[in-house]
Protein chains: 2
Amino acid sequence: MEALGRQILVEFYDCDGSKLNDVSYVETSLIQAAKASRATLISHNFHKFSPYGISGVVVIAESHIAIHTWPEYNYAAVDIFTCGDTIDPWVIQEYLKESFDSKNVSSMEMKRGMFKVPEGQKLLFKPNQEYQTN
Amino acid sequence: MEALGRQILVEFYDCDGSKLNDVSYVETSLIQAAKASRATLISHNFHKFSPYGISGVVVIAESHIAIHTWPEYNYAAVDIFTCGDTIDPWVIQEYLKESFDSKNVSSMEMKRGMFKVPEGQKLLFKPNQEYQTN
């Protein structure tokens, strides 16, 4: 069995709450984390809630990074979904841990899209040279 | 311990691959699924890859729905992340199962953001009457 994608669910506890309530800081952090992993950015979209909290998503060619912050609890939930083997999702996790000053991180890696592959063959990952965004 | 959010990771296998490669169909399906659950839509953003595959996210006040499709494998990975107790994420899962004609669904529910709560108190969920989007 091979997996098309991998996903890290990250719980960032004991963060700097003021950073988690600063939408431009959170947006820049996710974009820089994606760049640090050499992901290909496609779009990004962030929203601030009143009085607290940010939701945002960075879509990358290799899948996505999503965040929801609860500054009042110094907590952020982050999903790092990647496919292919060109980028390392743990680079993104480490970058964000530093960005948010998280003192307590809990992460779980899941495999997504499991298929049996005949011997000698591989799953066709995205992105590769055959895949381009329209 | 109480959780701020819940997340369903859904593996939609054995779908109708042509539907999974139709970006407007996929986008409409996710938006309609969100509406069926009475979620509050904030934004949506979908991308088609060449020759196959779609990535898209619907941000809702209650968190997000994300999809990545592999039409060539008749497979879609969907994340349904909700917070608060005003919407039922399983309504979204059921709606999308029908939309994509998935004959083989595997789902896992995760709790996100676990906190100890003093007796008689509750976590402050988003959205509630105090929370509005800017």
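Going by the structure above, here's the rest.
Residues numbered from 1 in each chain as written. Chains lettered and ligands numbered in written order. Predicted model: local features only at pLDDT ≥ 70, side-chain atom pairs only at ≥ 80, totals over all residues. Heavy atoms only, no water.

A. Quick look at the packing of aromatic side chains. This structure, assessed with the given rule, holds 12 aromatic pairs over all chains. Ring centres of Tyr75(A) and Phe115(B) lie 5.7 Å apart, and the angle between their planes is 90 degrees; this geometry places the pair in the edge-to-face category. Of this pair, Tyr75(A) sits in strand β5 (residues 75–83) while Phe115(B) sits in strand β6 (residues 104–115), placing the two residues on different chains. (Phe/Tyr/Trp six-rings, centres within 6.5 Å; stacked < 30°, edge-to-face > 60°. Helix = DSSP H or I, 4+ residues; strand = E, 2+ residues; numbered from the N terminus.)

B. Broad picture of the relation of the copies chain A and chain B. Rotating chain A by 180 degrees about the axis while translating it 0.0 Å along that axis superimposes it on chain B, leaving an RMSD of 0.0 Å. Both copies are brought into coincidence by an operation consistent with a two-fold rotation axis. Closest to the rotation axis within chain A is the C-alpha of Val57(A), separated from it by 3.9 Å. Taken together, the interface assignments show that 100% of the residues at the interface of chain A recur at the interface of chain B, consistent with an identical surface on both copies. (Least-squares fit on C-alpha atoms with pLDDT ≥ 70 in both. Contact = heavy atoms within 4.5 Å.)

C. Spatial organisation of the packing of helix α2 (residues 23–36) of chain B against helix α3 (residues 89–99) of chain B. Residues and elements named next belong to chain B. Closest axis-to-axis distance for the α2/α3 pair is 8 Å, and the angle between their directions is 150 degrees. With respect to the hand of their crossing, α2 and α3 are arranged in right-handed fashion. Counting all contacts with α2, which are made through Tyr25, Ser29, Leu30, Gln32, Ala33 and Ala36, the residues of α3 involved are Val91, Ile92, Tyr95, Leu96 and Ser99. Broken down by class, the residue content of the contact of α2 with α3 amounts to eight nonpolar, three polar and no charged. (Axes fitted to C-alpha atoms, helices over the stretch in contact; angles between N-to-C directions. Left-handed = near helix turned anticlockwise from the far one by under 90°. Nonpolar A, V, L, I, M, F, W, Y, C, P; charged D, E, K, R; others polar.)

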